[in-house]
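What follows is the residue order along each chain.
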Amino acid sequence: ARVDGRGQVVAIDHFGNLITNIAPANVRNQIVEIRAGSCTVTALSRTYGDAEPGGVLALWGSSDRLGLSVNLGSAADWLGLQVGDPVTLECR
C-alpha cells in the first residue's frame, strides 16, 4: 500500500483520545486512509457525532493535530495504542 505520511501518537488526553504529531500542513492531498494499530479510518470527521457510539473517527483536534477518537469511548483503550505508536496516512 502506498504511504504518503507517517507520524506517531504523541499524547493521550484524559478522554482517551490519541493525539498525533501530524499537522494539516503535513498533508498535501485528500486523506483517504489513516492506519493506527489494527484500525483503519477512511474519512476525516468534523465532529464526534459523525461516528456511531463506539465508532472510531479521525479529526483535526483543538491543537491542530490529527487525533483518533472513539465516540463515547476511549480510543487508547479500544485500540490498545499508546504514545510512540505509529500512524500512517494514504492520500490522493
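Coordinates for the structure precede this section.
Everything numeric in this text was worked out from a predicted model, so none of it was measured.

Student: Teacher, can you tell me more about the pattern of salt bridges here?
Tutor: Side chains bearing opposite charge may pair, as long as their charged atoms lie close to each other. Here the structure, examined in full by the defined rule, presents two salt bridges. Notably, a salt bridge pairs Arg 35 with Glu 33, separated by 2.3 Å at the nearest N-O pair. Judged by relative accessible area, which is 22%, Glu 33 ranks as partly exposed. Among the ionic contacts, a cluster of salt bridges with common partners joins Glu 33, Arg 35 and Glu 90.

Student: It is not clear to me how the side chain of Ser 45 should be interpreted in this structure. Could you clarify?
Tutor: Examined against the element boundaries, Ser 45 turns out to sit in the loop between β4 (39–41) and β5 (56–60). Residue Ser 45 is classed as buried on the basis of its relative accessible area of 14%.

Student: Teacher, can you tell me more about the sheet that holds strand β3 (residues 31–36) here?
Tutor: Where strands meet in a sheet, backbone hydrogen bonds hold them as pairs that are either parallel or antiparallel. Pairing in this open sheet of seven strands is antiparallel, and the strands run β4-β3-β7-β1-β2-β6-β5 from one edge to the other. The sheet terminates laterally at β4 and β5, the two strands that pair on one side only. The sheet shows a mean angle of 30° between the axes of neighbouring strands, direction not considered.

Student: I would appreciate a short explanation of the environment of Ile 31 in the present structure.
Tutor: Counting through the fold element by element, Ile 31 comes out in strand β3. For the pair Ile 31 and Ser 62, spaced 31 residues apart in sequence, the C-alpha to C-alpha distance is 19 Å. Dropping the residues within four chain positions of it, Ile 31 is found in contact with Leu 44, Trp 60, Leu 89, Glu 90 and Cys 91.

Student: How should the layout of surface pockets be read in this particular structure?
Tutor: Empty space among the atoms becomes visible once a probe the size of a water molecule is rolled across them. In this structure, the largest pocket encloses a volume near 170 Å³. Lining of the largest pocket is provided by 13 residues; of these, Asp 13, Ile 19, Tyr 48, Gly 61 and Ser 62 occupy positions nearest its centre. At the level of secondary structure, the elements contributing two or more residues to the lining of the largest pocket comprise β2 (18–20) and β6 (66–70). A per-element tally of the lining of the largest pocket places β6 first, with three residues. Broken down by class, the residue content of the lining of the largest pocket amounts to five nonpolar, six polar and two charged.

Student: Explain the side chain of Ser 69 here, please?
Tutor: As for its position among the elements, Ser 69 is in strand β6. Within the structure, the side chain of Ser 69 is placed 2.9 Å from the side chain of Asn 17, a separation counted as a polar contact. Setting aside residues up to four positions removed in sequence, Ser 69 forms contacts with Asn 17, Tyr 48, Gly 55, Val 56, Leu 57, Leu 59 and Ala 75.

Rules used in this analysis
Residues numbered from 1 in each chain as written. Predicted model: local features only at pLDDT ≥ 70, side-chain atom pairs only at ≥ 80, totals over all residues. Heavy atoms only, no water. Salt bridge = Lys/Arg side-chain N within 4 Å of Asp/Glu carboxyl O. Buried < 20%, exposed > 50% of the residue type's maximum accessible area, 1.4 Å probe, protein only. Helix = DSSP H or I, 4+ residues; strand = E, 2+ residues; numbered from the N terminus. Pairing = 2+ DSSP bridges. Axes fitted to C-alpha atoms, helices over the stretch in contact; angles between N-to-C directions. Contact = heavy atoms within 4.5 Å. 1 Å grid on protein atoms, 1.4 Å probe; cavity = no way out; pocket = protein on both sides within 12 Å on 5 of 7 lines; lining within 4 Å. Points joined across faces, edges and corners; volume = space filled by probe spheres on them. Nonpolar A, V, L, I, M, F, W, Y, C, P; charged D, E, K, R; others polar. Polar contact = N/O pair within 3.5 Å; in protein donor to acceptor, adjacent residues only side chain to side chain.

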